[in-house]
Amino acid sequence: MKIDSRKKIRHVSGENIVLMPAAGTADMTQVVALNESALELYNMLKEREFTFDDVVKAMLDTYEVDEATARADAEKWVGQMREQRLIID
Amino acid sequence: MATGVTLTIGGLALTVSGGDSVAKALALPGMGAFRGETNGNDVHLRLDERVELPECRWLHRFDIVEETAECRFGVDASGIYYYTFGDSGLLRFDPRTPGTVSLNTIDDPNILRFALWTAYSMTSLWRDAVPVHSSVVVCRGRAVMCLGESGTGKSTHTSLWLKYIDGCHLLNDDSPILCVEDDGVFVYGSPWSGKTPCYRQERVPVAALLRLEQRPENSIRRLGTIESFTALHPSCPPALAHDELCTDRMVDFIGGVISHVPVYRLGCLPDEGAARLAFNTLMA
């Protein structure tokens, strides 16, 4: 999998957001907000192909967590990023 | 022989030059109120130019609803933006020289009016000024900008302020100019006010933005950063959201606005209570 480089992270008043293309609807803006840890993972993994284990390793390298917690958090992050199509296959 | 006049809109001095189109532009509703000199000429609108349309990547297509004219917004290989209006109208804007916009000759006055708005919206984005789809009421020297989808009741809501709250007047009913300036966020009247002939050469500090939604009862809530962003963004010129560079500028602009001005969501009925609730919350 990889991060969709066409979707750009933008910074507004301390928030990290991605504008989602309005799906044919006028007068609607949808954004996805990334918190600091989600953004950190995003920055570590962008611009390359990566596997689920790479995400777990990035978590373990960055945070003082055990492997089970890292796996659970990695699963959650990948799931949410996929749901918003910020990660593509 | 080219002739030129100066209009001052949204704090920008626009020199409008060209042939016969200059007089046609000035004869459009509301334009006359914005004639006047300021210090320096910030922006140059060149009418009756020979604009050639190169190969473009089209980013957005839309209709000017009441004119049934199809319009397109695109960019060529060198990064120059083009709009087409109906069968023959053309606009050219090079972001490397953002103080100049060129238009060809556009005969239909309604399309010319829209093309001038479009030209303004392109160049002004590079000066931290954006036309915002809204109805704006000025109350005791401060402005409340009502945002919302078409048909939400923006004009209805501002008319309720005029009716029930003392010391109010309408600034603009469709497309005022919102500006981030050194000393704060200001809104200006403009020659584009929808169906309401309200063309005021006036600069007012913004008290709040108010995103309206029709609801069975009145309620008001201040929005956080992300919701404030999504409240204002769809009211900015929509074509520009389809381009990366324009979006960068727009995001910076909106960030500047919402870090200085509170944004609220008003769920409302079209009644006196809605105006009083908003007034008591925003102006107290």
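These numbers come from a predicted model, not from an experiment.

Caption draft 1: Geometry of the layout of surface pockets. Residue and element names in this part refer to chain A. Put simply, the second largest pocket is a space of about 380 Å³. Lining of the second largest pocket is provided by 17 residues; of these, Asn 35, Ser 37, Ala 38, Trp 77 and Gln 80 occupy positions nearest its centre. For the lining of the second largest pocket, the secondary structure elements donating two or more residues are β4 (30–34), α1 (36–45) and α3 (67–83). Here the element with the most residues in the lining of the second largest pocket is α3; it accounts for six residues.

Caption draft 2: Spotlight on empty space enclosed by the protein. Residues and elements named next belong to chain B. Scanning the model with the defined rule gives one cavity of 30 Å³ or more in all. When its volume is computed, the largest cavity comes out at roughly 80 Å³. In this structure, the largest cavity is lined by Val 5, Leu 7, Ile 9, Leu 14, Val 16, Val 22, Ala 25, Leu 26, Met 31, Leu 45, Leu 116 and Trp 192. Listing elements by their share of the lining of the largest cavity, those giving two or more residues are β1 (3–9), β2 (12–18) and α1 (20–26). Of the residues assigned to the lining of the largest cavity, the class counts are twelve nonpolar, no polar and no charged.

Caption draft 3: Spotlight on the domain arrangement of chain B. Residues and elements named next belong to chain B. What the domain assignment reports for chain B is domain 1 (3–127) and domain 2 (131–283). Just the C-alpha atoms count here: the centres of domain 1 and domain 2 sit 25 Å apart. Listed by partner, the interface residues are 26 residues for domain 1 and 24 residues for domain 2. Taken together, both faces of the contact between domain 1 and domain 2 bury some 2,300 Å²; the carbon and sulfur share is 68%. Among the residues of domain 1 in contact with domain 2, Phe 34, Trp 117 and Leu 125 are the three that bury the most area, contributing 28% of the side total. Listing elements by their share of the side of domain 1 that touches domain 2, those giving two or more residues are β1, β4 (56–64), β6 (81–85) and α2 (109–125). Looking at the side of domain 1 that touches domain 2, the element that brings in the most residues is α2, giving eight residues. Within the side of domain 1 that touches domain 2, the residues separate by chemical class into 17 nonpolar, seven polar and two charged.

Caption draft 4: Here's a closer look at the interface of chain B and chain A. At the junction of the two partners, chain B supplies 16 residues and chain A supplies 13 residues. Around 1,300 Å² of area is buried between chain B and chain A when both sides are counted, 61% of it from carbon and sulfur atoms. Remark: the boundary between chain B and chain A carries four salt bridges. With a closest N to O distance of 2.9 Å, Asp248(B) and Lys8(A) form a salt bridge. Those elements that place two or more of their residues in the side of chain B that touches chain A are α4 (225–232) and α5 (244–258) of chain B. At six residues, α5(B) tops the list of elements feeding residues into the side of chain B that touches chain A. A class-by-class count of the residues in the side of chain B that touches chain A yields five nonpolar, seven polar and four charged.

Caption draft 5: Inspection of the packing of aromatic side chains at higher detail. All names here are of chain B. In this structure the tally under the stated criterion is ten aromatic pairs over all chains. Judged by centre distance (5.8 Å) and plane angle (45°), the rings of Tyr 120 and Trp 192 are tilted. Here Tyr 120, found in helix α2, pairs with Trp 192, found in the loop between β14 (184–188) and β15 (203–214); they are 72 residues apart in sequence, far enough to count as distant. Of the residues examined, Tyr 120 reaches a relative accessible area of 0% and is grouped as buried. Looking at Trp 192, the relative accessible area reads 6%, which means it is buried. Lying over the aromatic face of Trp 58, Arg 72 brings its terminal NZ or CZ to 4.2 Å of the ring centre.

Caption draft 6: The arrangement of helix α2 (residues 52–62) of chain A in detail. Residues and elements named next belong to chain A. Listing the buried residues of α2 in full gives Val 55, Val 56, Ala 58 and Met 59. Projected down its long axis, α2 shows its buried positions confined to an angular sector of 160°, all on one face. Turned more than 90 degrees away from the buried face of α2 sit Lys 57 and Asp 61, all of them exposed. Taken together, the buried residues of α2 touch α1 and α3.

Caption draft 7: View of the pattern of salt bridges. Residues and elements named next belong to chain B. Applying the stated criterion to the full structure yields 21 salt bridges over all chains. One salt bridge in this structure joins Arg 265 and Glu 227, with 3.6 Å as the shortest N-O distance. With Arg 265 in strand β17 (residues 263–268) and Glu 227 in helix α4, this pair connects stretches of sequence that are 38 residues apart. The partly exposed category is assigned to Glu 227, whose relative accessible area is 29%. Bridged by salt links that share partners, the residues Glu 213, Arg 215, Arg 221, Glu 227 and Arg 265 form one connected network.

What counts, and where the lines are drawn
Residues numbered from 1 in each chain as written. Chains lettered and ligands numbered in written order. Predicted model: local features only at pLDDT ≥ 70, side-chain atom pairs only at ≥ 80, totals over all residues. Heavy atoms only, no water. 1 Å grid on protein atoms, 1.4 Å probe; cavity = no way out; pocket = protein on both sides within 12 Å on 5 of 7 lines; lining within 4 Å. Points joined across faces, edges and corners; volume = space filled by probe spheres on them. Helix = DSSP H or I, 4+ residues; strand = E, 2+ residues; numbered from the N terminus. Nonpolar A, V, L, I, M, F, W, Y, C, P; charged D, E, K, R; others polar. Domains from an automatic or database assignment. Contact = heavy atoms within 4.5 Å. Buried area = accessible area lost by both parts, 1.4 Å probe. Salt bridge = Lys/Arg side-chain N within 4 Å of Asp/Glu carboxyl O. Phe/Tyr/Trp six-rings, centres within 6.5 Å; stacked < 30°, edge-to-face > 60°. Buried < 20%, exposed > 50% of the residue type's maximum accessible area, 1.4 Å probe, protein only. Lys NZ or Arg CZ within 6 Å of the ring centre and 35° of its normal. Arc of directions from axis to C-beta.

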